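Tertiary structure, described
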Amino acid sequence: MNKMNRSIFVFVLILFFACKQENDPALLLISPTYPTFNISGNQGIAFKINASSNCALKKLIIQSKKEFLPAETLLDSTLNSTTFQMDFDFIPTNPASNIEVKLTFILTDENSNQTTIEKQIQVSPNDEYLQETSGNEFYSAASHKQYTYDLNLLQAVFEPFTDSSTMHIQDYLTDTLHIATLSRTWHSPAGLKFVRFNDFDYTNATLQSARAAYDAGTKKPIVDNITSNDVLITKLNGTTLDNGYVVIKMIYVIDADSTFDDKYIFNVKK
């Protein structure tokens, strides 16, 4: 091989290895490195992401895929460096039953090379006890006091000054001829539905048991004949499928001689 041919051969080798390096996929490390995880709902996994490449990194996408549902993009980040690191917390919602979630990390460089890592995550229901607030109360609609209740703020409100979307419970007075008698009837200007479930285990109420009871019960826009020890379950509007359930335990239904002091006293778990 003459000198010129040898020079051409060396140049081709250098070009070959340079191109090969440019087309090498990026290095992606996800810690913890385990491929599978078992966690409970509302509990998270803290991932550490480290990436490097011979050429500029352009994009990191993280997708979540549940069985029988389309993939959901959790992160779509634009990059412009040869190295990258970040922390990413994955916190699934609390499912009603065991589900499998596939978490996919997709790293792309400027040459459109992709490096993909998948994590399989088994998520089981987390039996969360609901928190109780006692001594809630609101009055008869004939009392000229607060006869509407906001379950988010856990306070009685005046109807004329309140957005109807937060008027979750209201004394429902339909018999204007006998206003001295408490109606013992509730409806919801906010559009909530109620399930009366007096056999419900209020003492040990959890998110899961409240959801199951509400889903199984007959949902009514109006509940009547309310008495002490009734248990009513509802679900707040605008909440996710796995949240927003409220359990109400009636303590006293006070129907005094005067309408001024007619009221409902109850405990709430949510």
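Please refer to the structure higher up on the page.
The structure presented is a predicted model; accordingly, all values stated were derived computationally and were not measured. (Residues numbered from 1 in each chain as written. Predicted model: local features only at pLDDT ≥ 70, side-chain atom pairs only at ≥ 80, totals over all residues. Heavy atoms only, no water.)

Quick word on the sheet that holds strand E16 (residues 263-269)
In space, the five strands of this open sheet follow the order E7-E16-E15-E14-E12, with antiparallel pairing throughout. Edge positions in the open sheet fall to strand E7 (132-139) and strand E12 (194-196), since each of these has one partner strand only. Sheet twist, expressed as the average angle between the axes of neighbouring strands with direction ignored, equals 30°. As paired elements, E7 and E16 share six bridges and run antiparallel to each other. Note on E16: the bridge partner recorded for Asn 136 is Phe 266. (Pairing = 2+ DSSP bridges. Helix = DSSP H or I, 4+ residues; strand = E, 2+ residues; numbered from the N terminus. Axes fitted to C-alpha atoms, helices over the stretch in contact; angles between N-to-C directions.)

A few points about the environment of Glu 159
Within the element layout of this structure, Glu 159 appears in the loop between strand E9 (155-157) and strand E10 (169-171). You can call Glu 159 partly exposed: its relative accessible area is 31%. Between the alpha carbons of Glu 159 and Gln 146 there is a distance of 7.5 Å; along the sequence they are 13 residues apart. If sequence neighbours within four positions are ignored, Glu 159 has contacts with Tyr 147, Thr 148, Met 167 and Gln 170. A distance of 2.3 Å separates polar atoms of two side chains, one belonging to Glu 159 and the other to Tyr 147. (Buried < 20%, exposed > 50% of the residue type's maximum accessible area, 1.4 Å probe, protein only. Contact = heavy atoms within 4.5 Å. Polar contact = N/O pair within 3.5 Å; in protein donor to acceptor, adjacent residues only side chain to side chain.)

Quick look at the packing of aromatic side chains
The description of an aromatic ring pair uses the distance of the two centres, along with the angle that the planes make with each other. According to the stated counting rule, one finds 14 aromatic pairs in the structure shown. Where Trp 186 meets Tyr 264, the ring centres are 5.4 Å apart and the plane angle is 80°; that geometry is what we call edge-to-face. Linking Trp 186 in strand E11 (residues 186-187) with Tyr 264 in strand E16, this pair joins segments that are 78 residues apart in sequence. Comparing Trp 186 with Tyr 264 shows no difference in burial state: the two are buried. Taken together, the aromatic side chains of Phe 138, Tyr 149, Trp 186, Phe 194, Tyr 264 and Phe 266 make up a single cluster linked through ring pairs. Positioned above the aromatic ring of Phe 260 is the side chain of Lys 145, whose terminal nitrogen or guanidinium carbon lies 3.7 Å from the ring centre. We note Lys 219 situated over the ring of Tyr 214; from NZ or CZ to the ring centre the distance is 5.0 Å. (Phe/Tyr/Trp six-rings, centres within 6.5 Å; stacked < 30°, edge-to-face > 60°. Lys NZ or Arg CZ within 6 Å of the ring centre and 35° of its normal.)

Thoughts on the side chain of Asp 171
Structurally, Asp 171 is set in strand E10. The buried charged residue Asp 171 lacks any salt bridge, with Arg 184 as its nearest oppositely charged partner at 9.2 Å. When sequence neighbours within four positions are dropped, the list of residues in contact with Asp 171 reads Phe 138, Tyr 139, Ser 140, Ala 141, Tyr 147, Leu 182, Ser 183, Arg 184, Thr 185, Trp 186 and Tyr 264. (Lys, Arg positive; Asp, Glu negative; His and termini not counted. Salt bridge = Lys/Arg side-chain N within 4 Å of Asp/Glu carboxyl O.)

Side note on the environment of Ser 52
Secondary-structure assignment places Ser 52 in strand E3 (residues 45-66). Counting along the chain gives 191 residues from Ser 52 to Asn 243, while the straight-line C-alpha distance between them is 40 Å. Discounting chain neighbours no more than four positions away, the residues touching Ser 52 are Ala 26, Leu 27, Leu 57, Thr 82 and Thr 83.

A word on the pattern of salt bridges
Tallying each qualifying case throughout the model produces seven salt bridges. Measuring nitrogen to oxygen at the nearest pair gives 3.1 Å for the salt bridge that ties Asp 76 to Lys 59. In this pair, Asp 76 is assigned in strand E4 (residues 72-90) and Lys 59 in strand E3, connecting sequence segments 17 residues apart. The exposure class assigned to Asp 76 is partly exposed, which follows from its relative accessible area of 48%. Overall, Lys 59 belongs to the partly exposed group, its relative accessible area being 28%.

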